[in-house]
Amino acid sequence: MSKLSSGSRLSPEPWLVRETGWQHGRQNHFATILALGNGTIGARSILEEAPQAATPGTFLAGVYDAAGSIVDDIVNLPNFFELRLFVDSQRLSPDGLRVAAHERILDMRRGVLSRRTVFLGGLQGRYELRTERFVSRAMPCIAVLRAWLTALEGDADLLVTGDFGLGAYNTEGDWEGHKRHYGIDEVATGPRSWMLARTPESGIRVGYAWTTSLDGRPVTEPVSVRLRKGRTVCVTRIVSAASSVDIVPPADLRRTCERGLAAALRRGVPRLLAGHERAWERLWDVSDVRIPGAPKLEHAARFSIYHLLACGTAWGTPAGIAAKSLSGEGYRGHSFWDTEIYTLPFYSFSQPAMARQLVRYRLDRLETAKRSAANRGFRGALFPWESGRTGVDVTPYFPLADRSLYVFDTGKYQHHITADVAYGLMTYLTVTGDDSVMRTGGLELLAETARFWASRVVFSKRSGRYEIKGAMGPDEYHPDVDNSVYTNFLARWNLEYAARMLSDFSTRDAVKGELLFARLRLTGAELAEWRYVASRIEKTNPGRAGIIEQFDGYFKRRDVPITKRNEHGMPAWPKGVKEDDAFKTQLNKQADVVLTMLMFPDRFTAEQKRKNFEYYDRRTLHVSTLSACMTALAGLEFGIKEYALRYFTPSLFTDLNDVQGTTDKGIHTASCGGNWQCLIRGFGGVAIRDGQLSISPRVPRAWKSLRYSLRWHGALLRVTARPGSVTVRNEGKAATEAILFGKPATLKPARALRVNAPGA
Ligand code: IFM
């Protein structure tokens, strides 16, 4: 048993997330927030006995299937953390026994979930069950569960089976019913059991190898033992799981799983645990954020970061990060613009190897995006609004009574995803300086996304400008609109950036440039065309009193005041308007104009930012968890602090407090990434100005300080921001330039530099 569970070295509270007391109705919320993962394996933390109505979730990154469903689902696989323990013939579970005490603790620092439950009932009164589990951060395919059972009041008969249910199913998509996305090809039980499964539609192979032991002896078939009063027995399960997404050729899958299991058994649980803890320690060393004067905020911030780390991987698994990470079936495990605009800044600044993998996920799907553009009659590449295994758009649709198909508007109109993907590439490149991605597909991606926009715009004789018709910005209440500000800005940026990067490349290396241009059938004239189109894309309409119209005709829609707030301090839905009718109004799900100003701060004046922020705040319901974090960040960057604080706290507690009521389906990773941006960009004052790192913190007095680390072009920078000053220590090997409170500074290796805020 680890030191933590024995209670001798309890981690300090700021690292713990607790479930105290058994609440049947909240079990799926806790299953999400206590979820474990290493980026390759994700496991929802339902109780080991899988009580009724629990929604288990065991996922391997990249394993999707569409059999029985309209689009890819991330496959819900057998839950290897399930335990079948029977005491005096009764299943040890809250379904049949009373729960006298129950607590689970996720130690975010170590990525370990521990549990203590005292059951009441059966013949001999009280039984104590303690468990500890982790998904190894050091070995991508390994998961470990240990359970200790003690009969507290008298002897009891214990029956342990070594197996777990092999019949998991997916439930996302109400109208499709339960879906079993794999069939078992082979299964063998013994001291070392294994199973091989296959997904029917996508043909992915999945393998597990595992052992279950009771006090060190393998459980090959159900074992009965007499449990003496006060004596503790220990059940250990070690699992090795992998899929053909990673293991090529798939024929090696069984061997790979067995080899993984053998290696884990050789190490033994204490060493596996120690290696796992060290790996988490290394991640936290760079990714942790400290707010000494605001422990509750620090705790919630750490929670966001924990979940970002739990779904990130640098192991090369060819998968993206899903909107709900690997912690639930929500959104069927699909990736959205959430990756590039919300989470990639965290990974780029904190775990660049994980960021690189996300960039690769898109680069590797460029050909599919090109086909998708062609299918819709455009040139270049159109990235999918929802992306799964192949990069084909997997936005759901469903059949209507008249046999037509209802396709979600989001997939039809949110073409801004294509520019978001290019923007994500820029973020990664600017922060890490790793231009190898440009030479291995990045430049091509920029060229094809620019081509898409050049063919997506239409020339208006009336205005003499290029327009983007039939689009949808991030505000999903207004589909099929013309000249969405966010879309137009991003398209313009995409065209300009692609032209600049490609012409810089060919200027730097004429020979390689020529080869690249030839391969892409690209000419200087095409770059000039992109620049021309970009300079003439319909400008935002600064209508009444400098307020920018979110899209053509927005001002003509009904203006409905938001007057009430809910218990989380978020706007309450105005009476008399149905959600389906929101498109007829100026009510927003999230504020596109504010987000645009945040992404292109230099294109707007301070007054424009304030006015537009206030105008749209009065009309934005923040129904998406992607909204509050960005609004808080905009509030900080635009100097409207009172708003920033109003939205920052509810956003930080999105999943801990289940602010939107959807956390049972999985963690909102975009919100986690947005919270990190709010802390580091907003309060920590980190910005990129003309490719340079700039740090001008805005730390509230009550926080005393904000401490964080950044990776910037390979250097590791430790930042201590205080109200009125910033100290940066460069732990890299080379000097690095930065702008601190507006002043250029050289950060020398192994030295700390302190700069005071002007006037401090
Ligand atoms: O990408 C988001 C979208 O902006 C709002 N609905 C949820 C999606 C996934 O998080």
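It should be noted that the structure appears before, not after, this text.
Residues numbered from 1 in each chain as written. Predicted model: local features only at pLDDT ≥ 70, side-chain atom pairs only at ≥ 80, totals over all residues. Heavy atoms only, no water.

## Topic: the overall build of the protein chain
Then comes step 1: Each helix and strand in the protein chain was counted, giving 19 helices and 31 strands.
Then comes step 2: For the protein chain, whose C-alpha radius of gyration is 27 Å, the value lies close to the compact-globule estimate of 27 Å for 760 residues.
Then comes step 3: Along the longest, intermediate and shortest principal axes, the C-alpha atoms of the protein chain span 85 × 65 × 65 Å.
Then comes step 4: For the protein chain, long-range pairs separated by at least 24 residues make up 66% of all intrachain contacts whose partners lie at least 6 apart in sequence. (Helix = DSSP H or I, 4+ residues; strand = E, 2+ residues; numbered from the N terminus. Rg over C-alpha atoms; globule rule 2.2 N^0.38 Å. Contact = heavy atoms within 4.5 Å.)

## Some words on helix α6 (residues 338–350)
Then comes step 1: Helix length check: α6 (13 residues) gives 17 Å between terminal C-alpha atoms against 18 Å at 1.5 Å per residue, within 8%.
Then comes step 2: The largest bend in α6 comes to about 55°, at L344, with the proline P345 one to four residues further on. (Expected span 1.5 Å × (residues − 1). Bend = angle between axes of the 7 residues up to and from the residue.)

## Observations concerning the site of the ligand
Then comes step 1: Around the ligand, the surrounding shell consists of A323, Y331, F336, W337, D338, W385, E476, S624 and L626.
Then comes step 2: Between the ligand and W337 there is a distance of 2.9 Å, counted from an oxygen atom to a side-chain nitrogen or oxygen.
Then comes step 3: D338 is positioned such that a nitrogen or oxygen atom in its side chain is 2.5 Å from an oxygen atom of the ligand.
Then comes step 4: Considering the ligand on its own, with 280 Å² of exposed area, one finds that the protein chains cover 93% of that surface. (Near = heavy atom within 4 Å. Polar contact = N/O pair within 3.5 Å; in protein donor to acceptor, adjacent residues only side chain to side chain. Areas by Shrake-Rupley, 256 points an atom, 1.4 Å probe, with all protein chains shown as cover.)

## So, helix α10 (residues 416–432)
Then comes step 1: For α10, built from 17 residues, the straight-helix expectation of 24 Å at 1.5 Å per residue is met to within 8% by its first-to-last C-alpha distance of 24 Å.
Then comes step 2: Of all the 17 residues making up α10, 17 are buried; the element is thus mostly covered by neighbouring parts of the structure.
Then comes step 3: Among the residues trailing α10, G433 stands out with phi positive, at a value near 75°. (Buried < 20%, exposed > 50% of the residue type's maximum accessible area, 1.4 Å probe, protein only.)

## With respect to the packing of helix α15 (residues 592–599) against helix α16 (residues 606–617)
Then comes step 1: Running from amino to carboxyl end, α15 crosses α16 at an angle of 150°, the nearest separation of the two axes being 9 Å. It follows that α15 is roughly antiparallel to α16 by the angle criterion. Considering only the axes of α15 and α16, their crossing is left-handed. Across the interface between the two elements, V593, V594 and M597 of α15 pack against Q608, K609, N612, F613 and Y616 of α16.
Then comes step 2: Taken together, the residues of the contact of α15 with α16 sort by class into 5 nonpolar, 2 polar and 1 charged. (Axes fitted to C-alpha atoms, helices over the stretch in contact; angles between N-to-C directions. Parallel < 35°, antiparallel > 145°, perpendicular 65-115°, else oblique. Left-handed = near helix turned anticlockwise from the far one by under 90°. Nonpolar A, V, L, I, M, F, W, Y, C, P; charged D, E, K, R; others polar.)

## With respect to the pattern of salt bridges
Then comes step 1: As enumerated under the stated definition, the model contains 56 salt bridges in all.
Then comes step 2: Note that E48 is salt-bridged to R133, the shortest N-O span being 3.2 Å. Taken together, the residues span a long stretch of sequence, with E48 in the loop between β3 (41–43) and β4 (58–60) and R133 in strand β11 (residues 126–135) at a distance of 85 residues.
Then comes step 3: For E467, the salt bridge goes to K469, with nearest N and O atoms at 3.2 Å.
Then comes step 4: A residue is classified by how much of its surface remains accessible, and E467, at 2% relative accessible area, is buried.
Then comes step 5: With relative accessibility at 40%, the residue K469 sits in the partly exposed group.
Then comes step 6: Shared partners join several salt bridges into a network, and the residues in it are E367, K370, R379, E448, R451 and E526. (Salt bridge = Lys/Arg side-chain N within 4 Å of Asp/Glu carboxyl O.)

## Some words on the sheet that holds β3
Note on sheets: strands pair through backbone hydrogen bonds, and any given pair is parallel or antiparallel.
Then comes step 1: Strand order in the open sheet formed by 3 strands is β2-β3-β4, with antiparallel pairing between adjacent strands. Looking at strand neighbours, the two that pair on one side only are β2 (36–37) and β4, the edges of this open sheet. (Pairing = 2+ DSSP bridges.)

## Focus: the pairing of strand β14 (residues 183–188)
Then comes step 1: Summarising the sheet, β14 and strand β15 (residues 193–198) pair through 5 bridges and their orientation is antiparallel. Following the sheet pairing, A188 is matched in β15 by W194.
Then comes step 2: Joining the antiparallel neighbours β14 and β15 is a turn of 4 residues.

## Some remarks on the environment of R389
Then comes step 1: For R389, the position within the fold is in the loop between α8 (366–375) and β20 (397–399).
Then comes step 2: Separated by 148 residues in sequence, R389 and A241 place their C-alpha atoms 19 Å apart.
Then comes step 3: Not counting residues within four places of it along the chain, the set of residues in contact with R389 comprises G62, Y64, D72, E201, S202, I204 and R365.

## Here's the deal with unusual backbone geometry
Then comes step 1: Phi angles above zero are rare outside glycine, and Y331 is one such case at about 55°.
Then comes step 2: Position of Y331 among the secondary structure elements: in the loop between α5 (295–311) and α6.
Then comes step 3: With relative accessibility at 45%, the residue Y331 sits in the partly exposed group.
Then comes step 4: Positive phi values are uncommon outside glycine, yet N483 reaches one of about 55°.
Then comes step 5: Position of N483 among the secondary structure elements: in the loop between β23 (465–467) and α12 (485–508).

## What about the side chain of S350?
Then comes step 1: Here S350 shows up in helix α6.
Then comes step 2: There is a polar contact of 2.6 Å between the side chain of S350 and the side chain of S287.
Then comes step 3: Filtering out sequence-adjacent residues up to four positions away, S350 remains in contact with V286, S287 and R711.

## Observations regarding a nonpolar patch on the surface
Then comes step 1: A cluster of nonpolar side chains, W175, L400, Y406 and F408, forms an exposed patch at the surface whose accessible area comes to about 360 Å².
Then comes step 2: Classification of L400 as partly exposed rests on a relative accessible area of 36%. (Patch = residues over 30% accessible without salt bridge, like charges linked within 9 Å, V, L, I, M, F, W, Y side chains within 5 Å.)

## Details of the sheet that holds strand β26 (residues 706–712)
Then comes step 1: On the basis of which strands lie adjacent, the open sheet formed by 4 strands has the order β26-β27-β28-β31 and antiparallel pairing. Where the open sheet ends on each side, the last strands, each with one partner, are β26 and β31 (752–756). Direction aside, the axes of adjacent strands within the sheet are offset by 20° on average.
Then comes step 2: As judged from the 7 bridges shared by β26 and strand β27 (residues 715–722), these two strands associate in the antiparallel manner. Looking across to β27, one finds that R711 is bridged to L716.

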